[in-house]
Structure formats: C-alpha cells, structure tokens
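# Breakdown of the fold
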Amino acid sequence: MKRTIRTAALVLFASVAIPGLAQATSHATLQDDAHADVALTEGEVRKVDKEAKKLTIRHGPLENLGMPAMTMVFQVKDPAMLDAVKAGDKVKFTAARDGGSYIVMQMEVSK
Ligand SMILES: [Cu+2]
C-alpha cells in the first residue's frame, strides 16, 4: 500500500515537472531568437558574397550562441548589409541561429 502511494506521487511529480522543463527550454529559445540585449561582438569581414547573400566573418566569441571565436559564414537579416561592408572591414555585430544557419541580425562598421 505504501509503495503504491509512493509510485503515484512519483508519476504525479513527473507529469508536473516535465511540462515545466519543456516550457523553460522553449522560453530560452525564444529569447535567443528575439536576441534581446545581445551584446555586440567584434569581427572582421573576410568575404562578401552578394549572390549568395552571405558574409564570411572572423568573429570574437558569440556568447548568446555559446560560440567561441572563429571564421565562419553568416546569412544576413538585411541584404543592405552586404553593400555596407567589404573584405577587411572591422565590424561589430549580433547574430542569431536559425536552424542550422546563422544570421547577422545587426551590424555596425567600426571606424
Ligand atoms: Cu562562429
């Protein structure tokens, strides 16, 4: 009898705890997508590919994405970003993840 009660309590706990966990996870994802209060990261444009609408950027750590410094290809939120920079330009930018790709959300050219 005691054992049955304990099992029932465990099942009840699991059914309450697991949806709570799922909610916390999706909330964190939404915050990343909204990139609220994401700090600007420094980078250097290595390549501008206007046809593919992509930028290759050597970037510092992107803390919101848990990414260390590296050189990689980004898509751009606004194609006008491709006209604003050329290879060798120093930039400050924020990026977000969209499935398997990364998108420059905001970018400033450093003088
Ligand atoms: Cu990277």
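Everything below is about the structure printed above this text.
Residues numbered from 1 in each chain as written. Predicted model: local features only at pLDDT ≥ 70, side-chain atom pairs only at ≥ 80, totals over all residues. Heavy atoms only, no water.

Following the sequence through the fold, lysine 47 ends up in strand 1 (residues 41-49). Owing to a relative accessible area of 47%, lysine 47 belongs among the partly exposed residues under this scheme. Note: C-alpha distance between lysine 47 and lysine 86 (39 residues apart in sequence) is 7.1 Å. With residues near it in sequence (within four places) discarded, lysine 47 still touches Lys54, Leu55, Thr56 and Ala87. (Helix = DSSP H or I, 4+ residues; strand = E, 2+ residues; numbered from the N terminus. Buried < 20%, exposed > 50% of the residue type's maximum accessible area, 1.4 Å probe, protein only. Contact = heavy atoms within 4.5 Å.)

A few words on the packing of aromatic side chains. Enumeration over the complete set of coordinates arrives at 1 aromatic pair. Centroid distance phenylalanine 74 to phenylalanine 93: 5.4 Å. Interplanar angle 75°. Geometry classified as edge-to-face. Here the residue phenylalanine 74 occupies a position in strand 3 (residues 70-76), and phenylalanine 93 occupies one in strand 4 (residues 90-98), the gap between them amounting to 19 residues. Comparing phenylalanine 74 with phenylalanine 93, the two get one shared label, buried. (Phe/Tyr/Trp six-rings, centres within 6.5 Å; stacked < 30°, edge-to-face > 60°.)

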